[in-house]
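# Overview (structure and organization)
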Amino acid sequence: MSSLPSLLTERVQSVTGVDPEMRPATKPQFGHFQSNVALRLAKAEGRPPREVAASIVEKLQLDDLCEPLEIAGPGFINFRIKASVLARTAQELLEDERLGIPLTEQPQRVVIDYSAPNVAKQMHVGHLRTTIIGDCFNRVLTAEGDTVIPQNHIGDWGTQFGMLIEQILEEGIDASSLTLAEADELYKRAAAHFKSDDDFATRARARVSTFQGGDEESLRIWKQLVDISKPGFNEAYERLNVLLADDDLAGESTYNDDLPVLVKELEESGVAVVDDGALCVFVDGFEAPLIVRKRDGGYGYATTDLAAIRRRVRELDANRIIYVTDARQAGHFAQVFAAARKAGYLPDSVQAQHIGYGMVLGDDNKPLKSRDGSAFKLSDLLDLAEQNATPEIALAAIKYADLSSGLQKDYVFDPERMTQTTGDTGPYLQYAHARCAQILRTADAQGLAVGPITVLDEPAEQQLALLLSRFGEVVDEVAEALTPHKLCTYLYELASAYASFYEQCPVLKSEGEVRASRLGLCALTRKVLAKGLDLLGIEAPERM
Ligand code: ARG
């Protein structure tokens, strides 16, 4: 179902031939929308704008949607949607389980690669962003009928295990008894040791090959580190209330057996060539080649990512692959995608996208760091927000702050501001929802009829109904362009429109059909707010 504004736009455009650029009217007496299309066309045609406006109005057949059109000022066309049309549309939405969210015509299998923390390390604020953003994409695409396959590409392999295993052996500790926080400390000790002690560094490097070569003792310790890390990740997911589950884990190590096969394929097809001892894929537009096998025979992060694409296309049947990581990995993914296309692992029919996000900054406008200078831990950030609000509100605040400005932008983590129940915040939306719920509880207690929506005569009611009719379209745009901030802006506008309605139109104190209609609007607003918040991964409380 198209929203009223877009339906109107389409109809006008079919007469004018150009986008009428409908703008919400600035004052109720101008109707609901205004277009300056006549002024624009007049310039090109060299005719007086009001005359052009009049001939457009004459050709437009909008009696079913609008009150008679008006020409205003120098040649603006004012559109006022009929109150009956608004009421009917709102009532249809109230009865529509999908609330106007379209189902995609061609459902896709979408792999979303997100979260991906690293073993033996606590999740930091960067992982907060990828986890929250990926979760939102997951929810929005699922709502439109796509099959989402989350892939949690955890860092459970790679060179860091050389130093970790050496450090564990040297300290003689039992890795299976560590908590994730303790493993994180161990990681820091190992890294410091690696820097300060050349002998240790040499042993750690040698350990990488022993370990990757299948040495039993090394693998046993590695497995212990992986096993103690997973509960820590799950704890964070639970605290964040996201959809990720153990089934979604597909860590780097799960590609080990594919790597030699892939490398052989690349070598045989000539896509990869030996350069200075390393096996490389050269891709146009990149200065340095992508190294699939290092001189010492080892495989790196990029090789694993090629193997991941190969599997996602061949075995998971993905039509679209979305990666959510720090914006600084943009170059890496651009090169991996290009190499994968060249190798035939990523056919043109499969879309691959990297969505890079900006950094979380402290109040000094610098990347948030913990006191010891290391990356700020996710749990500390949640603790900080919870100093200002209940866990539920704190989480809503964080998620909303994370999603409500363009993803690429850095944002300042300001727990005091973002937990406020006023202004452009998550808790404000939750509060609007709780207010809707409250009024519906009272209506229920008094045995009042909620809906049908039949009369909408007040400007505030009409604005609210117009906005509600746009919900599906907004969700659709977010699914297409992966821009959660647009959903945030929409919900903020909706909550504000609800506040004006609430102020200007008595609900419980009105009577008969008007009261039923207004309660119907409250019910619809509540549903749309709840669904919208749900798509952002935010809970919609009944009371606040
Ligand atoms: N583990 C990486 C990190 O913490 C992110 C992995 C992203 N996904 C991928 N397929 N490379 O930065």
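These numbers were taken from a predicted model, which means no experiment stands behind them. (Residues numbered from 1 in each chain as written. Predicted model: local features only at pLDDT ≥ 70, side-chain atom pairs only at ≥ 80, totals over all residues.)

## Considerations on the confidence of the model for the protein
Summary statistics for the protein give a mean pLDDT of 95 and a share of 100% for residues scoring 70 or more. Reported confidences for the modelled complex are a pTM of 0.94 and an ipTM of 0.99. (pLDDT = per-residue confidence, 0-100.)

## Remarks on the nonpolar core
Ala90, Ile133, Leu164, Val475 and Leu529 are the most contacted members of the largest nonpolar core, which has 161 residues in total. The leading source of residues in this core is helix α20 (residues 512–536), at 11 residues. With residues near it in sequence (within four places) discarded, alanine 90 still touches Ile453, Leu456, Ala465, Leu468, Leu521 and Leu524. (Core = buried A, V, L, I, M, F, W, Y, C linked by C-beta atoms within 7 Å. Buried ≥ 20, exposed ≤ 12 C-beta atoms within 10 Å, placed from the backbone. Helix = DSSP H or I, 4+ residues; strand = E, 2+ residues; numbered from the N terminus. Contact = placed C-beta atoms within 7 Å.)

## Thoughts on helix α1 (residues 4–16)
With 13 residues, α1 ought to run about 18 Å at 1.5 Å a step, and its terminal C-alpha atoms sit 18 Å apart, in line with that. Every buried residue belonging to α1 is among Leu4, Leu8 and Val12, and all of these are buried. Across the axial projection of α1, the buried residues extend over an arc of 55 degrees, all falling on one side. Turned more than 90 degrees off the buried face of α1, the exposed positions are Glu10 and Ser14. If you follow the buried residues of α1, they end up packed against β2 (33–35), β4 (76–79), α4 (83–95) and α17 (459–468). One or two steps after α1, the chain reaches glycine 17, where phi turns positive at roughly 80 degrees. (Expected span 1.5 Å × (residues − 1). Arc of directions from axis to C-beta.)

## Observations concerning the sheet that holds strand β9 (residues 290–293)
Spatially, β7-β8-β9 is the arrangement adopted by the 3 strands of the open sheet, whose pairing is antiparallel. Because the sheet does not close on itself, it has two edges, and the strands there are β7 (272–275) and β9. Ignoring which end each strand starts from, the neighbouring axes of this sheet average 45 degrees apart. (Pairing = 2+ DSSP bridges. Axes fitted to C-alpha atoms, helices over the stretch in contact; angles between N-to-C directions.)

## A short note on the pairing of strand β8 (residues 278–281)
As paired strands, β7 and β8 are joined by 4 bridges and run antiparallel to one another. Bridge pairing in β8 links alanine 272 to valine 281. Between the end of β7 and the start of β8, which pair antiparallel, lie 2 residues, with aspartate 276 showing a positive phi angle near 50 degrees.

## Let's talk about the packing of helix α19 (residues 484–504) against α20
Two measures define how a pair of helices packs: the angle their axes make with one another and the distance between the axes. Following both chains from N to C, one finds α19 and α20 inclined at 155 degrees, their axes separated by 10 Å at the closest point. For the element pair α19 / α20, the angle class is roughly antiparallel. As for the relative orientation of α19 and α20, their crossing is left-handed in sense. The segment α19 lies against α20, with Pro484, Leu487, Cys488, Leu491, Leu494, Ala495 and Tyr498 engaging Thr525, Val528, Leu529, Gly532, Leu535 and Leu536. Looking at the contact of α19 with α20 residue by residue, the classes come out as 11 nonpolar, 2 polar and no charged. (Parallel < 35°, antiparallel > 145°, perpendicular 65-115°, else oblique. Left-handed = near helix turned anticlockwise from the far one by under 90°. Nonpolar A, V, L, I, M, F, W, Y, C, P; charged D, E, K, R; others polar.)

## Some details on unusual backbone geometry
Following glycine 451, the chain continues into proline 452 via a peptide bond in cis, with omega recorded as 0 degrees. Examined against the element boundaries, proline 452 turns out to sit in the loop between α16 (426–445) and α17. Phi at serine 115 takes a positive value of approximately 75 degrees, unusual for a residue other than glycine. Mapped onto the fold, serine 115 is located in the loop between β5 (109–113) and α5 (125–143). Even without being glycine, aspartate 317 reaches a positive phi, approximately 55 degrees. Relative to the helices and strands, aspartate 317 is located in the loop between α11 (301–314) and β10 (320–326).

## Some words on the UniProt feature "domain: DALR anticodon binding" (unreviewed entry) in the protein
Within the UniProt annotation, "domain: DALR anticodon binding" (unreviewed entry) is assigned to residues 429–544. Taken end to end, residues 429–544 has its terminal C-alpha atoms 11 Å apart, with 72% of it in helix and 0% in strand. (UniProt positions renumbered as here; feature names shortened; annotations may be inferred.)

## Quick word on the sheet that holds β2
The 4 strands lie next to each other as β1-β2-β4-β3, forming an open sheet whose pairing is antiparallel. The open sheet terminates on both sides in strands that have one partner only, identified here as β1 (23–24) and β3 (70–72). Relative to β3, helix α3 (residues 49–59) is tilted by about 165 degrees, and along the sheet it contacts β3 and β4.

## Let's talk about the site of the ligand
Residues in close proximity to the ligand include Asp113, Ala116, Asn118, His153, Gly155, Asp305, Ala308, Tyr323 and Thr325, which together make up its full environment. Listed by contribution, the elements that provide at least two residues to the shell around the ligand are α11 and β10. Here the shell around the ligand is composed, by residue class, of 3 nonpolar, 4 polar and 2 charged. (Near = placed C-beta within 6 Å.)

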